[in-house]
Amino acid sequence: FSESVVGFTSGDVQLQNGGLFSLTPSSGAVYSLSVVPIGQGDVRVDIDASEAQDLAGNNNTAASQFERTYDSVVPVITLLGSTPVSIEYGSTYTDAGATATDTNDGSLTSSIVTVNPVNTSILGTYTVTYNVSDAATNSATQVTRTVNVVQRAITVTAATDSRVYNGLATSG
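What you see is a predicted model, and the numbers here were worked out from it, not measured in a lab.

Enquirer: I keep staring at the nonpolar core and nothing clicks. Help me out?
Expert: Most often, soluble globular proteins have nonpolar side chains that are buried together. Formed by 17 residues in total, the largest nonpolar core has its most connected members in Ile-77, Val-118, Tyr-130 and Val-132. Beyond its immediate chain neighbours, meaning those up to four positions away, Val-132 contacts Pro-75, Ile-77, Ala-100, Leu-108, Ser-111, Ile-112, Asn-138, Ser-139 and Ala-140. Among the nonpolar cores identified, the runner-up in size contains six residues, and Val-5, Phe-8, Val-45 and Ile-47 belong to it.

Below, the structure is given as structure tokens:
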């Protein structure tokens, strides 16, 4: 309010998707309001005209609607491709990636932070991690892919020789 008022109570506050936790006057013109969201989505607070009067008996005007979106649902990361993956030493590793979605923000795939330490010049097991947060700073459960850099397969090609015994041809 722009000046001290009388007659303003918690019953004068209209809420959508929220419950009034507390209404505390700080002075005759300033009130602190705490609202607990009931569910996901928009939480609105309205104070209609004529809910309080100044000391001269004039009614208040309607307050500007106050609205915030309540979002406590974490995004979901979906791994593309398989895990674990085995790749030969010295080969080129291209990660299959992941997608991310959120109930309020939609696709967050372009916001995924991928840490890919795979080095195909060093044998071993590596963990690729994927993380993302939505606009409400809810962090998804981290998703990982295990990548094993393994020895190159050795291909042995044996040549056969032909021999002739007593007029019969054989391979040996």
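Enquirer: Explanation requested: the packing of aromatic side chains in the structure shown.
Expert: When we look at a pair of aromatic rings, we describe it by the centre distance and by the angle of the planes. Summed over the entire model, instances satisfying the criterion amount to three aromatic pairs. Seen in terms of ring centroids, Phe-1 and Phe-8 are 5.1 Å apart; in terms of plane orientation they differ by 80°. Their pairing is edge-to-face. Residue Phe-1 is classed as partly exposed on the basis of its relative accessible area of 36%. For Phe-8, a relative accessible area of 9% translates into the label buried. Between the aromatic rings of Phe-8 and Tyr-31, the centroid separation amounts to 4.9 Å while the plane-to-plane angle is 75°, which identifies the pairing as edge-to-face. Separated by 23 residues along the polypeptide, Phe-8 in the loop between strand E1 (5-6) and strand E2 (14-16) and Tyr-31 in strand E4 (residues 31-37) bring together distant segments of the chain. Here the aromatic cluster, defined as three or more aromatic residues joined through ring pairs, consists of Phe-1, Phe-8 and Tyr-31.

Enquirer: Looking at this structure, how should I read the sheet that holds strand E8 (residues 76-79)?
Expert: Within a beta sheet, neighbouring strands are joined by backbone hydrogen bonds and run either parallel or antiparallel to one another. The strand order E8-E10-E11 describes an open sheet built from three strands, whose pairing is antiparallel. In this open sheet, the two edge strands, each paired with only one partner strand, are E8 and strand E11 (106-107). As defined by bridge partners, E8 adjoins strand E10 (residues 98-102) across four bridges and the pair is classed as antiparallel. By the bridge assignment for E10, Ile-77 is matched with Ala-100.

Enquirer: Help me out: how do you make sense of the layout of surface pockets in this one?
Expert: A probe as big as a water molecule, rolled over the atoms, marks out the empty space that is left. Here the largest pocket is characterised by a volume of approximately 500 Å³. Those elements that provide at least two residues to the lining of the largest pocket are E4 and strand E5 (41-46).

Enquirer: What's the story with the pairing of strand E14 (residues 143-150) in this structure? I'm lost.
Expert: For a regular strand, side-chain orientation follows a simple rule: the groups alternate between the two sheet faces. In this structure, strand E9 (residues 85-88) lies alongside E14, joined through four bridges in parallel fashion. The partner of Ile-87 across the bridge, within E14, is Val-149. Across seven bridges, strand E13 (residues 124-131) lies against E14 in antiparallel orientation. Bridging across to E14, Thr-129 finds its partner in Thr-144.

Enquirer: When you look at the sheet that holds strand E7 (residues 66-70) in this model, what are you seeing that I'm missing?
Expert: Pairing is antiparallel in the open sheet, where three strands are placed in the order E2-E5-E7. In the strand order of this sheet, the two ends are held by E2 and E7, each with one partner. Across the sheet, the axes of successive neighbouring strands diverge by a mean angle of 15°, strand direction being ignored. Of the strand pairs in this sheet, E2 and E5 are connected by three bridges, and their pairing is antiparallel. Opposite Gln-16, over in E5, you have Arg-44 as the bridge partner.

Enquirer: It is not clear to me how unusual backbone geometry should be interpreted in this structure. Could you clarify?
Expert: Negative phi characterises most residues that are not glycine, and trans characterises most peptide bonds. Following Thr-83, the chain continues into Pro-84 via a peptide bond in cis, with omega recorded as 0°. Following the sequence through the fold, Pro-84 ends up in the loop between E8 and E9. One non-glycine residue, Asn-17, adopts positive backbone phi at about 65°. With respect to the helices and strands, Asn-17 occurs in the loop between E2 and strand E3 (18-25). Despite not being glycine, Ser-50 shows a phi value in the positive range, around 65°. Secondary-structure assignment places Ser-50 in the loop between E5 and strand E6 (53-54).

About the criteria used
Residues numbered from 1 in each chain as written. Predicted model: local features only at pLDDT ≥ 70, side-chain atom pairs only at ≥ 80, totals over all residues. Heavy atoms only, no water. Core = buried A, V, L, I, M, F, W, Y, C linked by side-chain atoms within 4.5 Å. Buried < 20%, exposed > 50% of the residue type's maximum accessible area, 1.4 Å probe, protein only. Contact = heavy atoms within 4.5 Å. Phe/Tyr/Trp six-rings, centres within 6.5 Å; stacked < 30°, edge-to-face > 60°. Helix = DSSP H or I, 4+ residues; strand = E, 2+ residues; numbered from the N terminus. Pairing = 2+ DSSP bridges. 1 Å grid on protein atoms, 1.4 Å probe; cavity = no way out; pocket = protein on both sides within 12 Å on 5 of 7 lines; lining within 4 Å. Points joined across faces, edges and corners; volume = space filled by probe spheres on them. Axes fitted to C-alpha atoms, helices over the stretch in contact; angles between N-to-C directions.

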